[in-house]
Amino acid sequence: MKQWSPTLPMSDKPRYVEIADAIRSDIDAGLLLPGDRLPPQRGVAQDLGVDFSTVSRGYAESVRRGDIESFVGRGTFVRAPDATAKGLGAGEAPDPRRILEEDPMMNMPPEPEDPALIARMADGLGHVAANLVPLLRYQSVRGSAADREIAQIWMQANGLNFAPDRFAITPGAHSSIYAILTLLSEPGQSLLCETLTYPGIRAIASQLGLRLIGVPSDQEGLRPEALERAITEHWPAALYLNPTLQNPTTKTMSDSRRHEIAKVLKRHDVQLIEDDAYRFVASDAPPPIATHLPDLAWHVAGISKCFGAGLRLAYTTVPQRAEMGRFSQALRSINVMASPLSLALLGRWIEDGTAAEIQSFVRRAATARQELAREVLCGCFVSGAPEAFNLWVELPRGTSRAEVMGRMANRQIGIMPSDAFTVMGQPSEALRVCLGGPIGIAQLRDDLIALRDAILRKDWLG
C-alpha cells in the first residue's frame, strides 16, 4: 500500500481519540488491510501538526481497541480479525463504545475485585431503582436538603467542617472550578498555579481566556516568597492549588506551609481555589488551607477519586464573601444540577457503610500498588506517595519521554508526558504513570517491568 496518512474527523473528541477513530474507519473502509504497516509516529505527528505524544496516545488507544499491534524494532501493524478478537481477552466481544469510555491515561482509583464488596455496591443500585421515578425530576442545583445532610455525615467523618449555608453538591470538581472562575475572572487575567499542575485547569483557563502563571514549589509545597512575587507582579484573579497528593507529583503540602500560603493570600486579599481531589483518599492529610481562609477560599472536595470517575460529584464550600446565589446561577448555566441518580447511590453507600468500605479498599490497594512500583522500578527516579494512584518518573539523561511512550504504546498502563502538566517553559523529560483503573495487578507488574526496561534503555540498541 502507499504511505497511509490519517484524515481526522471533525468532532469534539480529544485528538488522540480522533486518530484512533481514523485508524478504525480506514480499516472498515478497506484502506488499511491486515498486516499493513502504519507509518512512524513522528511522521504522522508532522503530517497532522500535532505533538508526538498525541499520536503516541492515539496509537496506544488503537492498540487497546485491538485494531493494531506494535512490535519493538519492527513497527506497528494492522491486526488480523482473529487477532483482534484475541486481543480483548477470553470470551470478550469488542465493544468500541465501552472502550472509548475508558481512558487509561486518566488518574483513576484501583477497581474492586472482591465479590462481596461489589455485591454491596450493587445493592445500592437496587435501592436507587426502588425510588427511580422521583430521581428523574429536576432538583436543586445545590443538591437536595436530604443529600446535603448525608454529605455532612461523610465530611465530618473525614475531618472536614460543614457550613450548611455555604455548601453545594456539584456535578464534579471540574464543573465547580469552571463555575468559580466565571465569577472571579475576566478574559486576559492571570490565574496562579503550580508550575506542574492538573491538566483540567489548563483546559478551563484556555476556555476562559486566562493566563496561567506557574509558581515554583519545593518539597513542602508552593513557596510563599515566590507566591508573594507572583501576586505583586501579575495581580491574579485567584490562586489554584491541589495541595493533597498533588497531580502529577503526588506531594502533599505540609501543615506549616499551608499556614504560610494562607497568610500571603490574606495579606494580598487573593482568593484561593483549593482543589482537594484526593482529600477522601489520603488518610493523614493536614487540614485544608481553606480552614485558615474562611473569607477567601473555595474548597472543592471531589468524590470520583475515591469511588470512581463515573460518579461525577463534588462537595464545594463557598467562601463567606461570595454570594451563594451567584455561584448557584453559574452552576445552573453550566450543568443544571448534579445527577440525582448519582446522589442517591452515593447517599445510600454513605448511610449503609459501603462508602467507608470502598474508601478503605482504595487506600489499601493504592498502597500495595505503590509498593509494587517501588520494587519493580528500583533504580529509576520515581516519586509516589503511599496512597497515590500514580507515579511521577523523571527520566535519566539521554532518555526521552517520547521514546519511552513509543515503546510502551502496546501496554495497558496509562502514561502521560510532562507536556500535559507543564504550565510555562520547556517540559522536562518526565512521565506520569497511572497505577489504578481497570488494569489488574498481574498486568500492572508486567507493564511496570516493561517500563523499567524502557527507562533504563534495555535492548534499545541492536
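Residues numbered from 1 in each chain as written. Predicted model: local features only at pLDDT ≥ 70, side-chain atom pairs only at ≥ 80, totals over all residues. Heavy atoms only, no water.

K.L.:
Whenever I open this one, the overall build of the protein chain confuses me. Can you help?
P.N.:
For the protein chain, the count of helices and strands is 17 helices and 16 strands. Relative to a compact globule of 462 residues, whose C-alpha radius of gyration would be 23 Å, the protein chain shows 23 Å and is just as compact. Along the first, second and third principal axes, the C-alpha atoms of the protein chain reach 65 × 55 × 45 Å. Counting the 462 residues in the protein chain, one finds 55% classified as buried. The long-range share in the protein chain, meaning contacts at least 24 apart out of those at least 6 apart in sequence, stands at 71%. Summing over all exposed atoms, the protein chain offers an accessible surface of approximately 20700 Å²; the carbon and sulfur share of this is 51%. Averaging the coordinates of the 49 positive side-chain charges in the protein chain and doing the same for the 54 negative ones gives two points 2 Å apart. (Helix = DSSP H or I, 4+ residues; strand = E, 2+ residues; numbered from the N terminus. Rg over C-alpha atoms; globule rule 2.2 N^0.38 Å. Buried < 20%, exposed > 50% of the residue type's maximum accessible area, 1.4 Å probe, protein only. Contact = heavy atoms within 4.5 Å. Areas by Shrake-Rupley, 256 points an atom, 1.4 Å probe, with all protein chains shown as cover. Lys, Arg positive; Asp, Glu negative; His and termini not counted. Charge placed at Lys NZ, Arg CZ, Asp CG, Glu CD.)

K.L.:
Help me understand the sheet that holds strand β11 (residues 297–302), please; the structure alone is not making it clear to me.
P.N.:
In a beta sheet, neighbouring strands are held together by backbone hydrogen bonds and run either parallel or antiparallel to one another. The mixed open sheet is built from 7 strands, whose spatial order is β4-β12-β11-β10-β9-β5-β6. The strands lining the two open edges of the sheet, one partner per strand, are β4 (167–170) and β6 (211–215). Neighbouring strand axes in the sheet, compared pairwise and without regard to direction, differ in orientation by 20 degrees on average. (Pairing = 2+ DSSP bridges. Axes fitted to C-alpha atoms, helices over the stretch in contact; angles between N-to-C directions.)

K.L.:
In this structure, what is going on with empty space enclosed by the protein? I would like to understand it.
P.N.:
Gaps left between atoms are located by rolling a probe of water-molecule size over the structure's atoms. Applying the stated criterion across every chain yields a total of 2 cavities of 30 Å³ or more. Around the second largest cavity, the lining residues are Asp 147, Ile 150, Tyr 315, Leu 343, Leu 346, Gly 347 and Ile 350. Sorting elements by how many residues they give to the lining of the second largest cavity places helix α14 (residues 340–352) first, with 4 residues. Along the lines of polarity and charge, the residues of the lining of the second largest cavity split into 5 nonpolar, 1 polar and 1 charged. (1 Å grid on protein atoms, 1.4 Å probe; cavity = no way out; pocket = protein on both sides within 12 Å on 5 of 7 lines; lining within 4 Å. Points joined across faces, edges and corners; volume = space filled by probe spheres on them. Nonpolar A, V, L, I, M, F, W, Y, C, P; charged D, E, K, R; others polar.)

K.L.:
What is the right way to read the environment of Gln 207 from this model?
P.N.:
Inspection of the secondary structure puts Gln 207 in helix α9 (residues 199–208). Residue Gln 207 is classed as exposed on the basis of its relative accessible area of 61%. In this structure, the C-alpha to C-alpha distance between Gln 207 and Glu 194, residues 13 residues apart in sequence, is 19 Å.

K.L.:
Can you help me understand the packing of helix α6 (residues 115–130) against α14 in this one?
P.N.:
What describes two packed helices is the angle between their axes and the distance between those same axes. At a closest axis distance of 9 Å, the pairing of α6 and α14 adopts a crossing angle of 125 degrees. Judged on the interaxial angle alone, α14 and α6 are oblique. Judged by the sense of rotation from one axis to the other, the crossing of α6 with α14 is right-handed. On the side of α6, the interface is formed by Arg 120, Met 121, Gly 124, Leu 125, His 127 and Val 128, while α14 contributes Leu 341, Ala 344, Leu 345, Arg 348, Trp 349 and Asp 352. Taken together, the residues that form the contact of α6 with α14 break down as 7 nonpolar, 2 polar and 3 charged. (Parallel < 35°, antiparallel > 145°, perpendicular 65-115°, else oblique. Left-handed = near helix turned anticlockwise from the far one by under 90°.)

K.L.:
Is there a simple way to think about the pattern of salt bridges in this case?
P.N.:
Two side chains with opposite charge may pair up if their charged atoms get near one another. Per the counting criterion, the structure on display carries 23 salt bridges. Notably, a salt bridge pairs Asp 21 with Lys 13, separated by 2.9 Å at the nearest N-O pair. Residue classification places Asp 21 among the buried positions, given a relative accessible area of 15%. Overall, the relative accessible area of 36% leaves Lys 13 in the partly exposed class. Across the pair Glu 228 and Arg 267 runs a salt bridge whose closest N-O atoms are separated by 2.8 Å. On the criterion of sequence distance, the pair formed by Glu 228 in helix α10 (residues 224–234) and Arg 267 in helix α11 (residues 255–268) is long-range, its members being 39 residues apart. With a relative accessible area of 23%, Glu 228 lands in the partly exposed category. (Salt bridge = Lys/Arg side-chain N within 4 Å of Asp/Glu carboxyl O.)

K.L.:
Explain the sheet that holds strand β16 (residues 430–434) here, please?
P.N.:
The 4 strands lie next to each other as β13-β14-β16-β15, forming an open sheet whose pairing is antiparallel. Across the chains shown, the open sheet's two edge strands, defined by having one partner strand only, are β13 (381–383) and β15 (414–417). Shown here is a sheet whose adjacent strand axes are inclined to one another by a mean of 25 degrees, direction ignored. Pairing geometry for β15 and β16, over 4 bridges, is antiparallel. Looking at the pairing, Pro 417 lines up with Leu 431 of β16.

K.L.:
Would you mind going over the pairing of strand β12 (residues 314–317) with me for this structure?
P.N.:
Within a regular beta strand, the side chains point alternately toward one face of the sheet and then the other, so they alternate between its two faces. As defined by bridge partners, β4 adjoins β12 across 4 bridges and the pair is classed as antiparallel. Paired with Ile 169 across the two strands is Tyr 315, which belongs to β12.

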